[in-house]
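# A closer look at the structure
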There are 2 protein chains.
Amino acid sequence: MPDVTILTERDLRACVALDPGSVDIVEGAFAALAGGGVVMPPILSMAIAEKHGEVDVKTAYVPGLSGFAIKVSPGFFDNPKRGLPSLNGLMIVLDAETGIVKAVLLDNGYLTDVRTAAAGAVAARHLALANVETVGVIGAGVQAELQIEALALVRPFARLLVWSRDTSKANAYADRMTARLGRPVAVAETPEALVRQSQVVVTTTPSRSPLIRAEWMHPGLHITAMGSDSSEKNELDPSIVTAADRFVCDRLAQSRVVGELRSAIAADLVGPDHMADELGAICAGHVPGRRSDDEITVCDLTGTGVQDTSIAVHALDVARARGLGQTVES
Amino acid sequence: MPDVTILTERDLRACVALDPGSVDIVEGAFAALAGGGVVMPPILSMAIAEKHGEVDVKTAYVPGLSGFAIKVSPGFFDNPKRGLPSLNGLMIVLDAETGIVKAVLLDNGYLTDVRTAAAGAVAARHLALANVETVGVIGAGVQAELQIEALALVRPFARLLVWSRDTSKANAYADRMTARLGRPVAVAETPEALVRQSQVVVTTTPSRSPLIRAEWMHPGLHITAMGSDSSEKNELDPSIVTAADRFVCDRLAQSRVVGELRSAIAADLVGPDHMADELGAICAGHVPGRRSDDEITVCDLTGTGVQDTSIAVHALDVARARGLGQTVES
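Here is what the cut-offs are and how they apply
Counting starts from 1 at the beginning of each chain's written sequence and moves along it residue by residue. Following the order in which they are written, the chains are lettered starting with A and the ligands numbered starting with 1. Note on the predicted model: pLDDT of at least 70 is required for a residue's local features to be given, and 80 or more for side-chain atom pairs to be given and counted; whole-chain, interface and lining totals, by contrast, use all residues. Values shown for side chains rest on all heavy atoms present in the structure; no hydrogens or waters enter the calculation. The helix and strand labels rest on DSSP assignments: H or I over at least four residues marks a helix, E over at least two residues marks a strand, and numbering proceeds from the N terminus. Note that the radius of gyration is over C-alpha atoms, with the globule rule given as 2.2 Å times the number of residues to the power 0.38. Contact between two residues is taken to exist if any of their heavy atoms lie within 4.5 Å; hydrogens are not considered. Accessible areas in this description were obtained via Shrake-Rupley with a 1.4 Å probe; residue shielding takes into account the shown protein chains only. Counting rule for charge: Lys and Arg are taken as positive, Asp and Glu as negative, and neither His nor the chain ends is counted. Taken as the charge location is NZ of Lys, CZ of Arg, CG of Asp or CD of Glu. Domain boundaries shown here were taken from an automatic or database domain assignment. Buried area: the accessible surface (1.4 Å probe) lost by two parts on joining, summed over both. The term salt bridge refers to a pairing of a side-chain nitrogen on Lys or Arg with a carboxyl oxygen on Asp or Glu at a separation within 4 Å. Within 3.5 Å is the distance limit for a polar contact, defined as a pair of N or O atoms, with the added protein rule that one can donate a hydrogen and the other accept it, and that residues adjacent in sequence qualify only through two side-chain atoms. Any residue that is not Ala, Val, Leu, Ile, Met, Phe, Trp, Tyr, Cys, Pro, Asp, Glu, Lys or Arg is counted as polar, Gly included; the first ten are nonpolar and the last four charged. The copies were overlaid with a least-squares fit restricted to C-alpha atoms from residues scoring a pLDDT of at least 70 in each copy. As used here, the term nonpolar core means buried Ala, Val, Leu, Ile, Met, Phe, Trp, Tyr and Cys residues forming a set that is joined through side-chain atoms within 4.5 Å. Buried means the residue's accessible area, taken with a 1.4 Å probe over protein chains only, is under 20% of the maximum for its type, while exposed means over 50%, and partly exposed covers the values in between. Orientation is described by lines fitted to C-alpha atoms, with helices fitted over the stretch in contact, and by angles between N-to-C directions that extend from 0 to 180 degrees. Between 65 and 115 degrees an angle is taken as roughly perpendicular, under 35 as roughly parallel, over 145 as roughly antiparallel, and anywhere else as oblique. When the near helix sits turned anticlockwise from the far one by under a right angle, the crossing is termed left-handed; a clockwise turn instead gives a right-handed crossing. Two strands qualify as a pair provided that DSSP identifies no fewer than 2 bridges between them. Working definition: rings of Phe, Tyr and Trp (its six-membered ring) pair if their centres are within 6.5 Å, and the pair is stacked with planes under 30 degrees apart, edge-to-face with planes over 60 apart, and tilted otherwise. Criterion for a charge above a ring: Lys NZ or Arg CZ within 6 Å of the ring centre, and within 35 degrees of the ring normal. Multiplying 1.5 Å by the residue count of a helix minus one yields the expected span of that helix. Starting at the helix axis, one direction is taken to each C-beta atom, and the arc is that of these directions.

A count of helices and strands for chain A gives 11 helices and 15 strands. The globule rule puts the C-alpha radius of gyration for 330 residues at 20 Å, and the 19 Å found for chain A is close to it. Partitioning the intrachain contacts of chain A with sequence separation of at least 6 by distance along the chain shows that 71% fall at a separation of at least 24. Carbon and sulfur atoms provide 50% of the accessible area of chain A, an area that totals close to 11,900 Å². The positive charge centre, built from 29 side chains, and the negative charge centre, built from 40, are 3 Å apart in chain A.

This is the structure:
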């Protein structure tokens with residue numbers, strides 16, 4: 001059997017950064033999803049209640065790529081008590097022609113962080129106003145940082161507002177990000193104040209109840225909601241789905257079950273088969289992105305296997321070109 | 001993050017054999033499945049039609065074990081044309097307390113072969129006659145060999161019959177197995193002749209149409225059907241499900257969708273919610289195994305995540321005790 005390449009998080013950080021190249025790769029993944037031939041089965045999800053843990057497995061086959069990834073994402077929420085991160089995991093890359101294992105990417109969730117943030121940039125590239133003065137971010141964790149770094153690649157905004165349930169975390173975030181962005185970062189008093197002042201809002205929380213109300217929305221606003229990825233989570237007032245001029249999602253079948261569409265369906269605001277444009281259709285040019293400066297746009301991101309496959313295959317290509325990683329005889 | 005252990009197929013063959021210990025481990029896995037606390041989500045299955053390939057992902061959490069496995073099983077059926085095996089794959093072992101990756105088992109399907117064959121031995125241990133003179137095997141591939149090796153551990157039969165659609169493969173199998181078993185192995189003229197002469201029959205094929213008819217069954221017969229694991233496959237006349245005195249399966253929810261129950265449901269012989277005993281309930285002593293010498297018993301095996309988790313955790317324990325494998329800083 002062919003040898004297997006083992007790449008560590010350090011190797012992968014040397015190969016893939018949150019940069020314009022990664023945003024383009026993820027945009028290409030969404031465009032592929034809108035084309036023919038992509039196979040993306042439903043997420044395998046296992047909850048281990050007695051350990052306060054869960055594991056998701058995602059995959060997608062994308063025609064034309066040399067391989068496809070299978071991603072294992074565990075979340076064990078008592079880990080921080082042990083000094084360990086809640087989220088980690090790895091990706092396996094299989095050969096697209098033979099199914100044989102090409103590589104194991106021991107990324108501890110790094111590639112997921114990158115592809116998730118890059119998807120936010122793709123959404124903003126197509127749906128946000130061309131000129132953005134103020135950005136608001138809700139949440140103060142890793143994705144609150146990375147979403148904003150990614151957004152800065154496509155919309156060079158002037159200032160950032162942050163709000164978090166935990167004010168000390170919001171303050172720490174503002175300090176860190178002021179230094180990192182070289183732009184003013186302020187803590188907003190309330191989510192309402194943040195939304196009303198921002199042209200782009202990104203929600204990055206595991207919230208189980210809405211953080212943004214429909215009546216705070218204003219012409220030109222774009223919201224990317226990337227927090228909900230399970231049937232308990234919900235960041236947006238369900239009426240936003242119908243109140244916004246455009247509600248776009250990364251994958252309709254997922255948004256209906258684990259994303260913001262789920263809450264709107266549960267609230268009987270839309271039917272269970274409610275249709276919405278997928279981000280990929282916009283990336284592929286099948287449907288327009290933002291159509292006017294007044295439109296209110298929303299993009300719900302639940303995370304897709306095509307993003308994983310695209311970033312993993314790219315990482316492996318770069319690593320092999322640079323001779324990184326260990327080779328194991330299989 | 002803790003280091004990750006990488007084990008190759010060679011390491012794993014040195015750690016785990018198809019022996020009584022492996023049969024007991026798989027029996028324990030089935031018994032656990034009948035108890036509380038096991039979490040075993042539906043199989044993630046992705047068909048890649050344009051490559052004549054498919055990938056299945058299985059997992060199960062078993063309380064009390066130090067880890068749980070996620071198994072990736074690709075099957076790419078044009079591989080033999082390239083001189084590569086159709087089936088391969090790997091298992092990941094995650095820590096049961098933290099979800100952190102403990103090990104990557106690059107087994108190329110070896111552990112699946114072992115745990116699948118061991119399940120056949122578990123079925124025979126509980127459902128076959130105590131004294132078996134003649135065994136029949138249908139199919140002449142890897143599982144035809146391993147199922148019989150495993151059966152020999154629990155039922156020391158006197159002679160073996162084999163039937164395969166391809167007579168040359170049946171002849172080659174008979175030659176190989178005569179040498180390996182040290183017992184007479186003969187090629188049966190027909191499946192009917194094989195079934196009528198055998199006390200235990202094992203079917204090991206990817207057949208899409210029944211190979212065994214109900215009217216060939218006779219008192220005392222036990223059949224293990226391990227071939228069907230997808231909604232196209234079917235080895236037994238669907239009426240066998242109701243004609244046998246006992247129809248047992250490894251997992252009811254899987255047998256209804258990818259096993260022999262599926263065909264009986266499709267033929268309207270039983271309803272979609274038809275109940276049957278699971279093998280684990282027998283292993284755990286909740287329901288009896290064979291109840292008399294006259295009973296006709298059938299066990300449908302579709303393959304379960306608890307088998308993967310149990311054999312993978314065992315393999316890792318043995319490998320670490322022996323200092324096998326490579327350690328990668330994660």
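Having put the structure on the table, let's press on.
Residues and elements named next belong to chain A. The domains assigned to chain A are domain 1 (4-112 + 306-328) and domain 2 (120-303). For domain 1 and domain 2, the distance between their C-alpha centroids amounts to 24 Å. Counting residues at the interface gives 15 residues for domain 1, matched by 19 residues for domain 2. Taken together, the two surfaces of domain 1 and domain 2 that pack against each other cover about 1,500 Å², and 63% of this comes from carbon and sulfur. Of all residues in domain 1, L18, E27 and F30 bury the most surface against domain 2, accounting for 36% of the area lost on that side. The tally of links from domain 1 across to domain 2 stands at two salt bridges. As a salt-bridge pair, D24 and R125 come within 3.2 Å of each other at their nearest N and O atoms. For the pair domain 1 and domain 2, the number of links is five residue pairs in polar contact (both at pLDDT 80 or more). In terms of residue count, helix α2 (residues 20-34) provides more of the side of domain 1 that touches domain 2 than any other element does, nine residues in total. Here the side of domain 1 that touches domain 2 is built from residues that sort into 10 nonpolar, one polar and four charged.

Okay, the relation of the copies chain B and chain A next. Superposing chain B onto chain A takes a rotation of 180 degrees plus a shift of 0.0 Å along the axis, which leaves an RMSD of 0.1 Å. Seen this way, the second copy is the image of the first under a two-fold rotation axis. Judged by C-alpha distance, L44 of chain B is the residue of chain B that lies nearest the rotation axis, at 2.8 Å. Taken as a fraction of all interface residues of chain B, those also at the interface in chain A reach 100%, which identifies the copy contact as same-surface.

Next up on the list: the nonpolar core. Among the nonpolar cores identified, the biggest contains 62 residues, and L105, L111, I148, F157, L160, Y173 and L279 of chain A are the most heavily contacted of them. At 11 residues, the largest contribution of residues to this core is made by helix α3 (residues 110-127) of chain A. In this structure, this core is formed jointly by two domains, domain 1 (4-112 + 306-328) and domain 2 (120-303) of chain A, each of which donates at least three residues. For L160 of chain A, the residues in contact, after removing those within four places along its chain, are V135, V137, I148, Y173, M177, L181, P184, V185 and A186 of chain A. M91, L160, A312 and A319 of chain B belong to the second-largest nonpolar core, a separate cluster that totals 61 residues.

With that settled, consider the packing of α2 of chain A against helix α11 (residues 305-321) of chain A. Residues and elements named next belong to chain A. Here α2 crosses α11 at 135 degrees, and the two axes come no closer than 9 Å. The orientation of α2 with respect to α11, classified from their angle, is oblique. When you trace α2 past α11, the crossing you get is right-handed. From α2, S22, I25, V26, A29, F30 and L33 reach across to α11, where they touch V306, Q307, S310, I311 and H314. Taken together, the residues that form the contact of α2 with α11 break down as seven nonpolar, four polar and no charged.

Turning our eyes to something else, we now look at the sheet that holds strand β2 (residues 44-48) of chain B. Residue and element names in this part refer to chain B. Ordered in space as β2-β3-β4-β5-β6-β1-β15, the seven strands form an open sheet in which the pairing is mixed. Pairing within the sheet leaves two strands with one partner each, and these edge strands are β2 and β15 (326-328). Pairwise comparison of adjacent strand axes, ignoring direction, gives a mean angle of 15 degrees for this sheet. In this structure, β2 lies alongside strand β3 (residues 53-60), joined through five bridges in antiparallel fashion. Bridged to A47 within β3 is E54.

For the structure on display, the rule yields four aromatic pairs over all chains. Relative to F68 of chain A, the ring of Y61 of chain A lies with its centre 6.3 Å away and its plane at 75 degrees, an arrangement referred to as edge-to-face. There is no split in this pair, since Y61 of chain A and F68 of chain A are both buried. Arranged with centres 6.5 Å apart and planes meeting at 20 degrees, the rings of F68 of chain A and F76 of chain B form a pair that is stacked. Of this pair, F68 of chain A sits in strand β4 (residues 67-76) while F76 of chain B is found in strand β4 (residues 67-76), placing the two residues in two different chains. Side by side, F68 of chain A and F76 of chain B carry an identical accessibility label, which is buried. Among the aromatic side chains, those forming a connected cluster through ring pairs are Y61 and F68 of chain A together with F76 of chain B. One cation-aromatic arrangement involves R183 of chain A over F157 of chain A; the distance from NZ or CZ to the ring centre is 4.6 Å.

Our focus in this paragraph is the interface of chain B and chain A. Opposite the 49 residues of chain B that make contact, chain A presents 49 residues. When chain B packs against chain A, the two sides together hide about 4,200 Å² of surface, and 70% of this comes from carbon and sulfur. Elements supplying a minimum of two residues to the side of chain B that touches chain A: β1 (4-8), β2, β3, β4, β5 (90-95), β6 (101-106) and β15 of chain B. Here the residues of the side of chain B that touches chain A are counted per class, giving 31 nonpolar, 11 polar and seven charged.

Residues and elements named next belong to chain A. Across the sheet, which stays open at both edges, the seven strands sit in the order β2-β3-β4-β5-β6-β1-β15 with mixed pairing between neighbours. Whereas interior strands pair on both sides, the edge strands pair on one side only; in this sheet they are β2 (44-48) and β15 (326-328). Within the sheet, the average angular offset between the axes of one strand and its neighbour, ignoring direction, is 15 degrees.

So, on to α2 of chain A. All names here are of chain A. Taking 1.5 Å per residue, 15 residues should reach 21 Å; α2 reaches 21 Å between its end C-alpha atoms and fits that length. Here α2 has its buried residues at S22, V23, V26, E27, A29, F30 and L33. Looking down the long axis of α2, one finds its buried residues gathered within 155 degrees of arc, a one-sided arrangement. Elements that come into contact with the buried residues of α2 comprise α3, α4 (142-154), α10 (279-283) and α11.

Before going further, it helps to examine helix α5 (residues 167-181) of chain A. All names here are of chain A. Compared with the 21 Å implied by 1.5 Å per residue over 15 residues, the 20 Å span of α5 between its first and last C-alpha is a close match. If you check which residues of α5 are buried, you get A170, Y173, A174, M177 and L181. All buried residues of α5 lie within an arc of 105 degrees about the axis, which places them on one face of the element. Exposed and facing more than 90 degrees away from the buried side of α5 are D175 and A179. Next to the buried residues of α5 lie β7 (134-138), α4, β8 (159-163) and β9 (185-187). Looking one or two residues beyond α5, the residue adopting positive phi is G182, at roughly 65 degrees.

This paragraph deals with unusual backbone geometry. Although it is not a glycine, H52 of chain A adopts a positive phi angle of roughly 55 degrees. Mapped onto the fold, H52 of chain A is located in the loop between β2 and β3 (53-59). On the accessibility criterion, H52 of chain A (44% relative accessible area) is partly exposed. Even without a glycine there, the phi angle at N108 of chain B is positive, about 50 degrees.

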